[in-house]
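Below are the chains, spelled out letter by letter.
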Amino acid sequence: MIEVPEILIDEAAIAGKVRELAGRISRDYAGKELVLACILKGAAVFTADLMRGITIPVSVEFLQAASYGASTTSSRDIIIKKDIDSDIAGKHVLLVDTIIDTGETMAYLLKKFADRRPASLRAAALLDKRCRRSVYVPIAYIGFEIPDKFVVGYGMDYGERYRNLPAIAELKTVLG
Ligand code: IMP
Ligand code: MG
């Protein structure tokens, strides 16, 4: 069996959508300063592009979540494996991930970050697999809604590979 990445969303479509989201964010937070909280590793590429399209003052922070247990059935235990190193109290914070699947990771992070008393707290994701949602999670900025397919590229991995793919692809396995 060999894996073949089949392009779902090409570079131009991603760039156009990222520009659109960055424009909306810049308008919504006009006159304010924004902290972009990038969820590693997947959102590194999206965050890097998004921040360059934002025209208001931004700072960037990085965090990493880890989850244990089944990803399909019962809810997982999620922890913050690597935390941001600045105090977000009184700040406007936007949590950034590339994809929302069950929603459990983002729901957990929103709850944890809300406890730190930011001035405002929202979430952004380039991709939304809404059909897989197991918990309610409000996402203020969404790029594309996609069907229940495993995707790689633009920061997203399969066994740590394919993060460098510039487009978003569905990973298909074929007989080799
Ligand atoms: P959730 O907690 O189920 O919403 O999972 C979100 C995380 O799962 C994302 O940040 C990704 O790291 C990972 N993930 C979910 N779906 C995919 C996919 O199709 N390809 C790659 N990673 C995915
Ligand atoms: Mg992964």
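Just so we're clear, the structure is a prediction, and the values are computed from it rather than from any experiment.

Turning our attention to the overall build of the chain. Scanning the chain for helices and strands turns up 3 helices and 9 strands. Along the chain direction, N to C, the helices and strands of the chain fall in the order β-α-β-α-β-β-β-α-β-β-β-β. Relative to the compact-globule value of 16 Å for 176 residues, the chain shows a C-alpha radius of gyration of 16 Å, a close match. Counting only residues that meet the buried cut, the chain has 41% of its 176 residues in that class.

Right, let's talk about the packing of helix 1 (residues 11–28) against helix 2 (residues 44–53) for a bit. Closest axis-to-axis distance for the helix 1/helix 2 pair is 8 Å, and the angle between their directions is 55°. Taken together, the axes of helix 1 and helix 2 lie oblique to each other. The hand of the helix 1/helix 2 crossing is right-handed. Counted together, Val18, Leu21, Ala22, Ile25 and Ser26 of helix 1 and Phe46, Asp49, Leu50 and Gly53 of helix 2 form the full contact between these two elements. Taken together, the residues of the contact of helix 1 with helix 2 sort by class into 6 nonpolar, 2 polar and 1 charged.

If you look at the biggest cluster of nonpolar residues, it comprises 27 residues, and the most contacted ones within it are Ile25, Phe46, Leu50, Leu94, Leu126, Leu127 and Ile168. Sorting the residues of this core by element identifies helix 1, strand 2 (34–40), helix 2, strand 5 (92–100), strand 6 (120–128) and strand 7 (141–145) as the ones contributing at least two each. By residue number, the principal contributor to this core is helix 1, which donates 5 residues. Non-local contacts of Leu126, meaning those with residues more than four positions away in its chain, are made with Ile14, Lys17, Val18, Leu21, Phe46, Asp97, Thr98, Ile142, Gly143, Phe144, Tyr154 and Ile168. Core analysis: the next-biggest nonpolar cluster, separate from the first, contains 17 residues, Ile88, Val93, Ala123 and Val137 among them.

Note: most peptide bonds trans; most residues except glycine with negative phi. The residue after Leu40, namely Lys41, is reached through a cis peptide bond having omega -5°. For Lys41, the location among the structural elements is in the loop between strand 2 and helix 2. Within the chain, Tyr154 stands out as a residue other than glycine whose phi angle is a positive 50°. In this fold, Tyr154 is placed in the loop between strand 8 (151–152) and strand 9 (168–174).

Along helix 2, the residues classified as buried are Phe46, Thr47 and Leu50. Here the buried residues of helix 2 occupy an arc of 95° about the axis, which is enough to place them on one side. In this fold, the buried residues of helix 2 make contact with helix 1, strand 2, strand 3 (58–68), strand 5 and strand 6.

Cut-offs and rules
Residues numbered from 1 in each chain as written. Chains lettered and ligands numbered in written order. Predicted model: local features only at pLDDT ≥ 70, side-chain atom pairs only at ≥ 80, totals over all residues. Heavy atoms only, no water. Helix = DSSP H or I, 4+ residues; strand = E, 2+ residues; numbered from the N terminus. Rg over C-alpha atoms; globule rule 2.2 N^0.38 Å. Buried < 20%, exposed > 50% of the residue type's maximum accessible area, 1.4 Å probe, protein only. Axes fitted to C-alpha atoms, helices over the stretch in contact; angles between N-to-C directions. Parallel < 35°, antiparallel > 145°, perpendicular 65-115°, else oblique. Left-handed = near helix turned anticlockwise from the far one by under 90°. Contact = heavy atoms within 4.5 Å. Nonpolar A, V, L, I, M, F, W, Y, C, P; charged D, E, K, R; others polar. Core = buried A, V, L, I, M, F, W, Y, C linked by side-chain atoms within 4.5 Å. Arc of directions from axis to C-beta.

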